[in-house]
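# Per-entry structural report
Each chain, written out:
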Amino acid sequence: MNDSSWATPPHTGYWGPSDQGPVQGAAPAGPAYDAHDAQHTRPMPIVPDGPAVPPSGDDQDDDRGAARLSGPLFRDETFPDETFRDQPPQAGTFRDHTSPHAAFHDAAVPDGTYREVTASAQPYTAAPQTQNPEPMPDSSQPAPAPQKKSAGRDLGAAIGVGVGLGAVIIASLFFVKAAFVGVITVAVVVGLWELTKRLEERKGIKAPLVPLALGGAAMVVSGYVRGAEGAWVAMALTALAVLVWRMTEPPEGYLKDVTAGVFAAFYVPFLATFVAMMLTAEDGAARVLTFLLLTVVSDTGAYAVGWRFGTHKLAPRISPGKTREGLFGAVAFAMAAGALCMEFLIDDGMWWQGLLLGLAVAASATLGDLGESMIKRDLGIKDMGTLLPGHGGIMDRLDSLLPTAPVVWLLLVLFVGSG
């Protein structure tokens, strides 16, 4: 180990000899010694063979005020206002430079390395050995079983609630059509309440609920009674009512409130009106059942295939849980169900029409689900509500149904007529 740069000694002299003999590499004793004649660069000699004793801070030299180190010892001196520079240490050595103005010593330590310490350093203590923080695995113990995928919801509660809702819908659909219109109306009003509540909580947007609820119910009934013309008129009147109702409050936020109100009127009750219009046909119950079956089958196929085989994300920014494999499952399940429904449920329907209908339903249901996911991401929530255990809120179940209703209504009119 070489020290490439040495500082000029101060005017006060040098270390004297120790009780173990003159220090190797130090300036010669006597007044004739001139510090300026010292070499600026000199090799640091290797410690001769012999037992190495760590430096001790207990044995002090009263004349020099420095630590007396037993065993072979080399002293290197640095002085105030001067720089101590040395070459990178060789392998097996380490240094302890505690001050640029103190004397440094290279001392042999028990492990055969060198350590530079100051004259006032504490006794050398060997560094503790680093322990392995992680114990070695025991090969005799069986490896832990891989964790199974989680569905992310209470599957039992979800199935129970789904079966209960299905029973209510089927009973009202095939026994009293007016009762089914009532079921649609209730779902629309609850969905509007969830949507407006979340908008106010998360964004401070106060879409007026009263005109939306009254107008939404009027839209569903008008669509059932007067068809598309009645639905459009009710939609226009609902939008006007939202504009007027909001005028009773301060103007701050008026634009965003009425915009959200008109959006809510179109998104929930107006799209739901197409379900009521399907019901007006002679085979209206079969058409509504086809619409519900295809949407549910599409969602189920996407869920089952995506959960089991899904690896490629469909829209990770919007809905990280959806995969391309799940979309293919939705298309396959919906097309198969569509062919069966058109062949056995719809009057004058044909199986190939069911394939096209199933494809369209899979696309619209997926887009509807992504649209609702986009809204929830913007609001920073996971579910629109907690009314339905295992499902979230009503809006979390209507997300696929609402945009699919006008698609099924239109295709059925094109395939078999309005009935």
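Calculation criteria
- Residues numbered from 1 in each chain as written.
- Predicted model: local features only at pLDDT ≥ 70, side-chain atom pairs only at ≥ 80, totals over all residues.
- Heavy atoms only, no water.
- Helix = DSSP H or I, 4+ residues; strand = E, 2+ residues; numbered from the N terminus.
- Buried < 20%, exposed > 50% of the residue type's maximum accessible area, 1.4 Å probe, protein only.
- Contact = heavy atoms within 4.5 Å.
- Areas by Shrake-Rupley, 256 points an atom, 1.4 Å probe, with all protein chains shown as cover.
- Salt bridge = Lys/Arg side-chain N within 4 Å of Asp/Glu carboxyl O.
- Expected span 1.5 Å × (residues − 1).
- Bend = angle between axes of the 7 residues up to and from the residue.
- Polar contact = N/O pair within 3.5 Å; in protein donor to acceptor, adjacent residues only side chain to side chain.
- pLDDT = per-residue confidence, 0-100.
- Phe/Tyr/Trp six-rings, centres within 6.5 Å; stacked < 30°, edge-to-face > 60°.
- Lys NZ or Arg CZ within 6 Å of the ring centre and 35° of its normal.
- Patch = residues over 30% accessible without salt bridge, like charges linked within 9 Å, V, L, I, M, F, W, Y side chains within 5 Å.
- Core = buried A, V, L, I, M, F, W, Y, C linked by side-chain atoms within 4.5 Å.
- Pairing = 2+ DSSP bridges.
- Axes fitted to C-alpha atoms, helices over the stretch in contact; angles between N-to-C directions.
- Nonpolar A, V, L, I, M, F, W, Y, C, P; charged D, E, K, R; others polar.
- Parallel < 35°, antiparallel > 145°, perpendicular 65-115°, else oblique.
- Left-handed = near helix turned anticlockwise from the far one by under 90°.

## Things to note about the overall build of the protein chain
For the protein chain, the helix and strand inventory stands at 8 helices and 10 strands. The buried share among the 419 residues of the protein chain stands at 40%. For the protein chain, the proportion of contacts with a sequence separation of at least 24, taken over those separated by at least 6, is 66%. Put simply, the protein chain shows about 23,300 Å² of open surface, and 63% of that area lies on carbon and sulfur atoms.

## Let's talk about the pattern of salt bridges
The final tally for this structure, using the stated rule, is 6 salt bridges. Here aspartate 257 makes a salt bridge to arginine 246, at a shortest N to O gap of 2.7 Å. Taken as a pair, aspartate 257 in helix H4 (residues 254–279) and arginine 246 in helix H3 (residues 209–246) lie far apart in primary sequence, 11 residues in all. Note on accessibility: aspartate 257 and arginine 246 belong to one class, buried.

## Quick notes on H3
The end-to-end C-alpha distance of H3 is 10 Å, clearly below the 56 Å that 38 residues give at a rise of 1.5 Å each. Arginine 226 marks where H3 bends most, by close to 150 degrees.

## Some words on the environment of threonine 290
Checked against the element boundaries, threonine 290 lands in helix H5 (residues 284–309). Among the residues examined, threonine 290 registers a relative accessible area of 0% and is labelled buried. Separated by 47 residues in the primary sequence, threonine 290 and alanine 337 have C-alpha atoms spaced 8.8 Å apart. A distance of 2.8 Å separates a polar side-chain atom of threonine 290 from the backbone oxygen of alanine 286.

## Details of the confidence of the model for the protein chain
Summary statistics for the protein chain give a mean pLDDT of 76 and a share of 62% for residues scoring 70 or more. The weakest mean pLDDT in the protein chain belongs to strand E4 (residues 66–67) at 41; the strongest belongs to H4 at 97. Of the regions scoring below 50 in pLDDT, residues 1–42 engages in 64 contacts with residues more than four places distant in sequence or in other chains. For the stretch residues 112–122, pLDDT sits under 50, and the model shows 45 contacts to residues farther than four places along the chain or on other chains.

## Considering the packing of aromatic side chains
Each aromatic ring pair is specified by the distance between its two centres and by the angle formed by the two planes. Enumeration over the complete set of coordinates arrives at 6 aromatic pairs. With a centroid separation of 5.4 Å and 15 degrees between ring planes, the pair formed by phenylalanine 263 and tyrosine 267 is classed as stacked. Remark: tyrosine 267 and phenylalanine 263 occur in helix H4; sequence separation between them is 4 residues, near one turn of the helix. Judged by relative accessible area, which is 11%, tyrosine 267 ranks as buried. Within the aromatic cluster, the residues linked to one another by ring pairs are Trp232, Phe266, Phe270, Phe274 and Trp409. Across the ring face of phenylalanine 309, the terminal group of arginine 308 is positioned such that the distance to the ring centre comes to 5.1 Å.

## Quick look at a nonpolar patch on the surface
A cluster of nonpolar residues, Val233, Leu237, Leu240, Leu243 and Val244, forms a patch on the protein surface that exposes about 430 Å² of accessible area. Checked against the element boundaries, leucine 243 lands in helix H3.

## Some points on the nonpolar core
Core analysis: the largest hydrophobic core is formed by 60 residues, its most contacted members being Ile184, Val288, Phe291 and Leu357. Taken together, the elements giving at least two residues each to this core come down to helix H1 (155–175), helix H2 (177–203), H3, H4, H5, helix H6 (324–344), helix H7 (351–379) and helix H8 (394–416). No other element matches H4, which puts 15 residues into this core. Each residue touching isoleucine 184, except ones within four places of it in the same chain, is listed here: Val220, Ala272, Val275 and Ala276.

## Some details on the environment of glycine 204
Assignment of secondary structure puts glycine 204 in the loop between H2 and H3. Glycine 204 sits 52 residues away from lysine 256 along the chain, and the two C-alpha atoms are 9.7 Å apart. The residues contacting glycine 204, other than those within four sequence positions of it, are Leu199, Lys256 and Asp257.

## Comments concerning the pairing of strand E10 (residues 319–323)
For strand E9 (residues 313–315) and E10, the ladder comprises 2 bridges, and the chain directions are antiparallel. Bridging across to E10, alanine 315 finds its partner in serine 319. Hairpin connection of E9 to E10: 3 residues between the antiparallel strands.

## Notes on the packing of H4 against H5
For the pair H4 and H5, the least separation of the axes is 7 Å and the interaxial angle reads 140 degrees. Across the interface between the two elements, Val275, Met278 and Leu279 from H4 touch Gly284, Ala285, Arg287, Val288 and Phe291 from H5. Tallied by class, residues from the contact of H4 with H5 come to 6 nonpolar, 1 polar and 1 charged.

## Looking at the packing of H2 against H3
At their nearest, the axes of H2 and H3 sit 9 Å apart, and the two run at 155 degrees to each other. What the angle tells us is that H2 and H3 run roughly antiparallel. Taken as a pair, H2 and H3 cross one another with a handedness that is right-handed. Across the interface between the two elements, Lys177, Val181, Ile184, Thr185, Val188, Val189, Leu192, Trp193 and Thr196 from H2 touch Leu209, Leu212, Ala213, Gly216, Ala217, Val220 and Tyr224 from H3.

## Points about the side chain of threonine 238
As for its position among the elements, threonine 238 is in helix H3. Here alanine 234 takes part through its backbone oxygen, which lies 2.7 Å from a polar atom of the side chain of threonine 238. Once you skip the residues sitting within four places of it in the chain, threonine 238 turns out to touch Pro211, Leu212, Gly215, Gly216, Met219 and Ala265.

## Concerning unusual backbone geometry
At aspartate 348, a residue that is not glycine, the phi angle is positive and equals roughly 65 degrees. Here aspartate 348 is to be found in the loop between H6 and H7. Judged by its relative accessible area of 71%, aspartate 348 falls in the exposed class.

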